[in-house]
Each structure stands twice: as C-alpha cells, then as structure tokens.
Amino acid sequence: MPPTRPSSIARLLLVLSLSSLLLTTSAHQLTPSPVARPRHATAGISPALVSTLRETLEAVKDVVSIISAFPVGGILGGGDLRLSSAIADCLDLLDLSADELSWSMSAASPTARPAGAGGAAGGRVGTGDAHSDLRSWLSGALGNQDTCKEGLDDTGSVLGSLVSTALQAVTSLLADGLGQVVTGEEAASTRGHRRGLARGAPRWLEPRERRLLQMPVGPGGMPVDAVVAQDGSGNHTTVQAALDAAPSESAGRYVIYVKRGVYNETVEVKKKKWNVMVVGDGMGATVISGRLNYVDGYSTFRTATVAVNGKGFMARDLTFENTAGPAKHQAVALRCDSDLSVFYRCAFEGYQDTLYAHSLRQFYRDCRVTGTVDFVFGNAAAVFQNCTLLARLPLPDQKNSVTAQGRVNGSMNTGFAFQFCNVSAHDDLLRAQQGAGGNQTKATQTYLGRPWKAYSQVVFMQSYIGVVVRPEGWLAWDGQFALDTLYYGEYMNTGPGAGLAGRVKWPGYHVMTTPTEASNFTVAEFIEGNMWLPPTGVRFTAGLAS
C-alpha cells in the first residue's frame with residue numbers, strides 16, 4: 001500500500017526538530033561503495049537516469065537522517081524490541097539501497113568505476129550487462145523501501161508517519177528510474193539485444209573458483225580458506241567468527257568449510273563480505289540453527305537464523321533452520337539479499353516464513369524447503385530447480401501457502417520460478433491427514449501461493465504437484481486484492497495436484513501453453529544465469545529442456 005502523509009502540522013514540526021538533532025546526534029552513516037561522478041552513459045542509458053539516481057541517493061540519506069535521530073528510548077519510541085528491530089532493519093536496508101544506487105551509477109557510466117568495487121577486471125560488480133544489472137539493483141532498492149515502511153507501520157510508532165513522506169519520495173524516484181531502465185531495455189531489445197546469452201565465464205573470476213560446487217572437501221579436493229569445528233580442530237568454533245575473519249570486498253572466492261554439527265547461533269554475512277562460500281558436510285549433518293521469531297518481539301526481517309547481504313554468496317551441503325515452531329508465527333531460517341547468489345544441496349527448515357528470498361538474483365538447486373504459511377517469500381528474482389517443497393502441519397485453522405511473492409511494481413524484474421520441482425506433504429502433515437481418515441474437508445488446505453503484494457509473480461513449470469495442493473491451486477490474500485495485477489503461471493506440470501480444471505479464474509492467472517511464454521521464466525532469461533552460473537559449477541538447465 002502507498003505511504004500516507006503525516007496527518008498534522010505537529011508531526012511536521014517534529015520532523016524538523018528531529019532533523020535538527022543531527023547537529024548533535026551521531027547519525028547512522030551510509031557507506032556505499034565510492035562512485036566517481038558519471039560523465040557518459042552507456043548505450044540506451046540516458047543522462048536523465050544518472051541524474052535520477054543521484055537525486056535518489058540524496059533522498060535515501062534524508063530518510064536515514066530522520067530515522068537515525070528518532071529517540072527510540074523516549075516517550076515516542078517506547079523502547080520496545082519490535083520498534084528497535086524495525087529501525088535497525090530500515091537503516092540496514094537503506095544502506096543496501098545506497099550501495100545498489102552506487103553500483104547503478106557506476107554501470108550507467110562505464111568510464112567511472114567505483115573504487116574498491118571488486119573484481120580483477122575493472123571493478124565489475126554485476127554481470128556486465130548494464131540493463132539487466134540496473135533493473136535488478138533498482139528493483140532491490142525499491143523493495144527495500146517497502147520492507148522498511150512495512151516494518152515501521154507494524155510497530156504502531158509515530159515514526160512510521162514521520163518518515164512516510166520521505167520514504168515516498170525515495171519510492172517515487174526509484175520507480176521513475178526503474179521505468180527509465182525498462183524503457184531503455186525494450187529499446188535495446190529492438191536493436192537485437194538479448195538477455196541471458198552465454199558469453200563465457202565472467203573475467204573477474206579466478207581459476208580456483210571454477211567448479212567449486214562440484215569439488216569434494218578434503219585433501220586434493222576443494223581448497224579452503226578457513227575451517228569451522230566445534231571441537232577446536234579448525235580455525236574457528238563458530239560460523240560467525242569465520243565470516244568476520246573473511247576479507248572485505250574480495251574479488252576472489254573465500255571458502256569456509258563448516259564441519260558436521262549443530263551450530264546454535266544467529267549468523268550474518270555482512271554486506272562487504274563479497275564472494276564468500278560456506279560448505280558443510282551435507283543436509284542434516286552441518287546445521288545452523290536459531291529460534292528468533294515474531295511473537296517474541298522481533299521484526300520478521302530480524303528473525304533470520306542466517307542473513308546474507310554480501311554479493312556473490314554460495315552455500316553447499318548445509319541446513320539452515322529456525323526451530324521456533326508454528327506457534328511463534330514468523331520465524332525465518334534464511335534471509336538473502338545477495339546478488340548472484342547460489343544455494344546447492346541446502347535444506348531450509350521451519351514453519352511460517354522459512355525462506356526469505358528478499359531481493360536481487362538468486363539460484364537454488366537440489367534444495368529442500370519445509371514450512372507452513374508463506375514458507376518461500378520475499379521479492380527476489382529467484383529460480384528454483386530440482387527442489388523439494390514440503391508443506392508441514394500448521395496451527396489449527398491455518399492454511400498452507402508455498403509462496404508469498406512481494407513484487408510491488410510491474411517494472412521490477414522479480415518473481416519466483418520453480419522448474420523440475422516437487423511440491424508434496426511433509427511427514428507430519430501426512431500423519432495428520434491419515435489421522436483424519438483421508439477426509440479432505442478435515443485436511444489442511446495447501447496452496448501454491450498467495451499475492452503478498454500487488455504485482456506478485458510466481459510460476460511453476462515442468463514440476464510435480466502432489467495431492468497436497470488444493471484443486472484451486474492458488475489462494476487470495478484479501479478479497480479481490482491483486483487478482484488482476486499479479487502474474488501466476490503454470491506450464492506442463494504433472495501429478496495429482498496439477499490438474500487445471502478446478503484452478504482459480506483470476507485475470508492474473510495464466511495457463512502457459514507455449515514454450516515461448518514459459519521460457520521467460522527460465523534460468524537464462526529470468527536471472528541471466530548463463531552469464532554468471534557456469535563458473536560456479538552448479539548444475540543448472542538454462543532453458544526448458546531437462
């Protein structure tokens with residue numbers, strides 16, 4: 001929903017007084033990668049876009065100033081955990097947006113690369129395709145503002161109203177910039193530009209990085225930079241300690257091997273920890289476990305057992321879990337804001353909101369996700385291949401939804417695409433249904449998704465849909481909300497739950513009948529995977545062929 005303006009002159013005066021506190025209050029500092037002033041634009045990217053990006057970055061700083069000056073511990077703030085979590089979320093999200101804007105300004109001016117922007121070949125940050133990178137980064141930044149606003153509104157604090165006008169200014173500028181990128185991308189397409197074509201390995205990847213996801217750990221296998229072991233046989237005893245020791249803005253891959261065991265800790269891969277790879281001994285063998293949750297006072301964003309912000313993150317043979325349980329409602333196992341990130345043979349275990357694919361381009365292969373309500377959610381551009389999605393037993397009267405995708409603007413490149421996946425019931429749900437004597441009216445209702453935001457976009461193609469999924473397939477969020485603006489699609493699925501006769505009749509629901517339509521959601525087209533996945537060694541199918 002769009003932000004509302006402050007409703008009184010008193011609130012405006014308070015904003016002005018809070019801003020004056022910046023003279024004496026140490027504000028949270030934005031630390032985007034430094035950017036030289038752009039002089040030229042790439043083909044199809046106008047000087048007007050560069051100007052819009054500069055203006056947006058200044059507007060982001062204005063929002064940070066207001067939020068940083070807010071007296072959290074005073075009578076206005078109340079000092080509660082959810083408010084402090086929401087404020088911390090906003091400052092982190094705006095910091096990410098500042099980086100994404102900086103990268104975008106750099107991409108829009110190839111002669112002005114940001115210092116320290118990573119990579120051995122001229123500081124390249126993304127794939128090298130300026131239009132695709134810009135659209136991804138601006139989509140991420142636009143989604144960040146929405147997450148910030150939603151978190152503040154949920155607290156009931158006056159801060160949500162105080163900052164709404166400033167946030168709306170950022171949102172409007174980002175939407176304008178994103179629209180300019182999409183227009184330029186369409187113009188480039190008419191000149192023969194095509195996204196997602198194989199162009200060889202990105203030049204900034206070193207030889208040791210190739211095929212890492214296929215190499216065994218141990219002597220003669222994968223070279224590792226750090227070892228985590230609870231028994232003291234490694235360099236570190238906690239995952240966080242190993243991440244803290246990783247270099248910042250690394251152009252090369254930094255590999256952390258986490259030996260088998262359950263690591264009870266909350267972990268963050270900070271935004272400057274680039275190109276980190278975490279490898280375990282297998283799903284269920286190496287487990288990172290937490291139990292932060294919404295009921296105990298945290299924002300949903302802050303409940304993540306593992307939060308990944310640094311770009312180019314990879315994980316293999318791990319389990320990420322949140323053990324808070326269904327009664328604690330929102331409880332995230334993994335939250336990811338890492339552009340060009342890969343998860344291979346990983347498990348994500350939880351109940352409500354298990355996997356928070358929050359933003360940017362992500363790829364999941366041979367993974368397992370369990371949960372109840374909205375257990376794959378967020379606003380990333382994410383493709384899941386050969387993954388298993390298991391609906392668990394929720395609280396009484398709850399309905400399961402595999403996805404809740406949060407695209408807030410039709411120009412965003414975001415959405416979830418599931419290909420060669422398996423949607424079935426978890427053992428605990430199967431046992432409960434058997435206890436109900438197979439009576440479908442008593443069984444938990446499970447759906448493929450529901451529209452969290454107005455332009456929610458989810459596609460299931462060439463996948464197995466089990467009997468656990470209701471004939472309607474999809475669930476409304478609230479009445480008629482988003483039913484004509486969402487894009488939900490199905491293509492060549494199989495299984496007892498894949499029948500189309502009983503599906504919803506919403507304007508935004510599509511039965512895709514041609515490969516041309518379905519190919520828009522493949523690895524090559526949807527996340528430009530041919531441009532960045534090959535060097536990682538992860539198995540993937542670029543198009544529709546298995």
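See the structure above.
What you see is a predicted model; the values in this text were computed from it and never measured.

Participant: Run through the overall build of the chain, naming residues and quoting values.
Facilitator: Helix and strand content of the chain: nine helices and 26 strands. Summed over all atoms, the accessible surface of the chain reaches about 20200 Å², with 53% contributed by carbon and sulfur.

Participant: Residue-level account of the packing of helix H2 (residues 47–69) against helix H3 (residues 81–107), with values.
Facilitator: Orientation of H2 relative to H3, taken along the N-to-C sense of each, is 165°, at an axis distance of 10 Å. It follows that H2 is roughly antiparallel to H3 by the angle criterion. Seen along the crossing, H2 lies across H3 with a hand that is left-handed. Only Ile87, Cys90, Leu91, Leu94, Ala98, Leu101, Ser102, Ser104 and Met105 of H3 make contact with H2, whose side of the interface consists of Leu53, Arg54, Thr56, Leu57, Val60, Val63, Val64, Ile67 and Ser68.

Participant: Lay out the sheet that holds strand S18 (residues 388–391) in plain terms, naming residues and giving numbers.
Facilitator: Ordered in space as S3-S6-S9-S12-S15-S18-S21-S24, the eight strands form an open sheet in which the pairing is parallel. Edge positions in the sheet fall to strand S3 (261–264) and strand S24 (464–465), since each of these pairs with one other strand and no more.

Participant: Residues and numbers for the state of the cysteines, please.
Facilitator: All told, the structure shown has one disulfide when counted by the stated rule. Two residues share a disulfide in this structure: cysteine 90 and cysteine 148, whose sulfurs sit 2.1 Å from each other. Here the disulfide of cysteine 90 and cysteine 148 is right-handed, its torsion about the S-S bond being about 105°. Here the residue cysteine 90 occupies a position in helix H3, and cysteine 148 occupies one in helix H4 (residues 130–155), the gap between them amounting to 58 residues. In this structure cysteine 387 is not part of a disulfide, and its nearest cysteine sulfur, from cysteine 367, lies 4.6 Å away. You can call cysteine 387 buried: its relative accessible area is 1%. Lacking any disulfide linkage, cysteine 421 is separated from the closest cysteine sulfur, that of cysteine 387, by 4.8 Å. A relative accessible area of 3% places cysteine 421 in the buried class.

Participant: Could you give an account of the nonpolar core, naming the residues involved and the relevant values?
Facilitator: Phe320, Leu334, Phe343, Phe348, Tyr364, Phe384 and Phe460 are the most contacted members of the largest nonpolar core, which totals 61 residues. Those residues in contact with leucine 334 that sit more than four places away from it in its chain are Val306, Val308, Phe320, Phe343, Phe348, Thr354, Leu355, Tyr356 and Tyr364. With 51 residues, the next largest nonpolar core counts Leu93, Met105, Val181 and Ala304 among its residues.

Participant: How would you explain the environment of lysine 270 if you had to name every residue and give the values?
Facilitator: For lysine 270, the location among the structural elements is in the loop between strand S4 (267–269) and strand S5 (276–279). When the C-alpha positions of lysine 270 and serine 248 are compared, they lie 9.1 Å apart, and in sequence the two are 22 residues distant. With residues up to four places along the chain from it excluded, the contact list for lysine 270 reads Gln240, Asp244, Asn309 and Gly310.

Participant: Tell me about empty space enclosed by the protein, and name the residues and values.
Facilitator: Tallied over the full model, the rule gives five cavities of 30 Å³ or more. Taken as a whole, the second largest cavity encloses approximately 80 Å³ of empty space. Taken together, Gly143, Asp146, Thr147, Glu150, Tyr356, His358, Gly378, Asn379, Gly406, Val408, Trp452 and Lys453 form the lining of the second largest cavity. Top contributing element to the lining of the second largest cavity by residue count: H4, with four residues. Among the residues making up the lining of the second largest cavity, the classes are represented as three nonpolar, six polar and three charged.

Participant: A description of the packing of aromatic side chains should follow, citing residues and the corresponding values.
Facilitator: Taken as a whole, this structure holds 22 aromatic pairs when the rule is applied. Ring plane angle 50° and centroid distance 5.8 Å describe the contact between phenylalanine 313 and phenylalanine 343, whose orientation is recorded as tilted. Placement of the pair is phenylalanine 313 in the loop between strand S7 (306–308) and strand S8 (314–316) and phenylalanine 343 in strand S11 (residues 341–344), with a sequence separation of 30 residues. Judged on exposure class, the residue phenylalanine 313 and its partner phenylalanine 343 are both buried. Judged by centre distance (5.8 Å) and plane angle (70°), the rings of phenylalanine 348 and tyrosine 364 are edge-to-face. Here tyrosine 364 lies in strand S14 (residues 361–365) and phenylalanine 348 lies in strand S12 (residues 347–349), a separation of 16 residues in the sequence. Residue phenylalanine 348 is classed as buried on the basis of its relative accessible area, which comes to 0%. The ring of tyrosine 294 has arginine 82 sitting right over it, with the charged end atom 3.7 Å from the ring centre.

Participant: How would you explain the side chain of glutamate 321 if you had to name every residue and give the values?
Facilitator: Among the structural elements, glutamate 321 can be located in strand S9 (residues 319–322). Here glutamate 321 is in contact with Val287, Ile288, Ser289, Gly290, Thr305, Ala333 and Glu349, once residues within four sequence places are set aside.

Participant: Please give an account of the environment of proline 396 that cites residues and values.
Facilitator: Within the secondary structure layout, proline 396 lies in the loop between S18 and strand S19 (400–405). A relative accessible area of 70% places proline 396 in the exposed class. Separated by 48 residues in the primary sequence, proline 396 and threonine 444 place their C-alpha atoms 8.5 Å from one another.

Participant: Summarise the environment of valine 511; cite the residues concerned and give the values.
Facilitator: Mapped onto the elements of the fold, valine 511 is located in strand S26 (residues 509–511). For the pair formed by valine 511 and glycine 489, sequence separation is 22 residues and the distance between their alpha carbons is 5.7 Å. When near neighbours in sequence (up to four residues on either side) are disregarded, valine 511 contacts Glu490 and Leu500.

Participant: For the sheet that holds strand S17 (residues 381–385), give the residues involved together with the corresponding values.
Facilitator: In spatial order, the strands read S1-S2-S5-S8-S11-S14-S17-S20-S23-S25-S26; together these 11 strands make up an open sheet with parallel pairing. Edge positions in the sheet fall to strand S1 (226–228) and S26, since each has one partner strand and no second. Going across the sheet, the axis of each strand differs from the next one's by a mean of 10°, ignoring polarity. Where S5 meets S8, three bridges bridge the pair, whose relative direction is parallel. The partner of valine 279 across the bridge, within S8, is arginine 316.

Thresholds applied
- Residues numbered from 1 in each chain as written.
- Predicted model: local features only at pLDDT ≥ 70, side-chain atom pairs only at ≥ 80, totals over all residues.
- Heavy atoms only, no water.
- Helix = DSSP H or I, 4+ residues; strand = E, 2+ residues; numbered from the N terminus.
- Areas by Shrake-Rupley, 256 points an atom, 1.4 Å probe, with all protein chains shown as cover.
- Axes fitted to C-alpha atoms, helices over the stretch in contact; angles between N-to-C directions.
- Parallel < 35°, antiparallel > 145°, perpendicular 65-115°, else oblique.
- Left-handed = near helix turned anticlockwise from the far one by under 90°.
- Contact = heavy atoms within 4.5 Å.
- Pairing = 2+ DSSP bridges.
- Disulfide = S-S within 2.5 Å.
- Buried < 20%, exposed > 50% of the residue type's maximum accessible area, 1.4 Å probe, protein only.
- Core = buried A, V, L, I, M, F, W, Y, C linked by side-chain atoms within 4.5 Å.
- 1 Å grid on protein atoms, 1.4 Å probe; cavity = no way out; pocket = protein on both sides within 12 Å on 5 of 7 lines; lining within 4 Å.
- Points joined across faces, edges and corners; volume = space filled by probe spheres on them.
- Nonpolar A, V, L, I, M, F, W, Y, C, P; charged D, E, K, R; others polar.
- Phe/Tyr/Trp six-rings, centres within 6.5 Å; stacked < 30°, edge-to-face > 60°.
- Lys NZ or Arg CZ within 6 Å of the ring centre and 35° of its normal.

Read these as layout, nothing more, since geometry by itself doesn't imply function.
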